[in-house]
Amino acid sequence: MSKLDKTAMAKKMHTSRASLHRLLDEEDTRLTLTTLVSAAAFGKNVKIELESV
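Here's a quick rundown of the structure.

Scoring rules and cut-offs
- Residues numbered from 1 in each chain as written.
- Predicted model: local features only at pLDDT ≥ 70, side-chain atom pairs only at ≥ 80, totals over all residues.
- Heavy atoms only, no water.
- Helix = DSSP H or I, 4+ residues; strand = E, 2+ residues; numbered from the N terminus.
- Buried < 20%, exposed > 50% of the residue type's maximum accessible area, 1.4 Å probe, protein only.
- Contact = heavy atoms within 4.5 Å.
- Areas by Shrake-Rupley, 256 points an atom, 1.4 Å probe, with all protein chains shown as cover.
- Lys, Arg positive; Asp, Glu negative; His and termini not counted.
- Charge placed at Lys NZ, Arg CZ, Asp CG, Glu CD.
- Salt bridge = Lys/Arg side-chain N within 4 Å of Asp/Glu carboxyl O.

### Let's talk about the overall build of the chain
1) Next: A count of helices and strands for the chain gives three helices and zero strands.
2) Next: Secondary structure of the chain in N-to-C order comes out as α-α-α.
3) Next: Principal-axis analysis of the C-alpha atoms gives the chain an extent of 40 × 20 × 15 Å.
4) Next: Looking at the 53 residues of the chain, the share that counts as buried comes to 19%.
5) Next: Partitioning the intrachain contacts of the chain with sequence separation of at least 6 by distance along the chain shows that 19% fall at a separation of at least 24.
6) Next: In the structure as shown, the chain presents an accessible area of about 4800 Å², 53% of it carried by carbon and sulfur atoms.
7) Next: Taking the average place of the 9 positive charges on the side chains of the chain and the average place of its 7 negative ones, the gap between the two points comes to 11 Å.

Structure below.
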């Protein structure tokens, strides 16, 4: 698979470049489930865990 720039990848995910940036930024917590589902379309696994604090 060829490399995509962030703009092209966001377009393929049907999301904005800002949403993609949030997905790729480990420090950013403003991620939506919709963006995660779009990322899964690129062969990525999505794992969500709830932990006691």
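So, next bit.
### Looking at unusual backbone geometry
1) Next: The phi dihedral of His 14 is positive, around 60°, even though this residue is not glycine.
2) Next: Position of His 14 among the secondary structure elements: in the loop between helix 1 (6-12) and helix 2 (17-24).
3) Next: The exposed category is assigned to His 14, whose relative accessible area is 75%.

### Quick notes on the pattern of salt bridges
1) Next: Under the criterion given, the structure shown has two salt bridges.
2) Next: The shortest N-O distance in the salt bridge between Asp 28 and Arg 30 comes to 2.7 Å.
3) Next: The class of Asp 28 is buried, set by a relative accessible area of 15%.
4) Next: Judged by its relative accessible area of 56%, Arg 30 is exposed.
5) Next: Between Glu 49 and Lys 47 there is a salt bridge, and its shortest N-O distance comes to 3.0 Å.
6) Next: Residue classification places Lys 47 among the exposed positions, given a relative accessible area of 68%.

### Concerning the environment of Arg 17
1) Next: Turning to its location among the elements, Arg 17 is positioned in helix 2.
2) Next: We classify Arg 17 as partly exposed; its relative accessible area is 49%.
3) Next: Between the C-alpha atoms of Arg 17 and Lys 6, which are eleven residues apart in sequence, the distance is 6.4 Å.
4) Next: Among residues more than four places away in sequence, those in contact with Arg 17 are Lys 6, Thr 7 and Ala 10.

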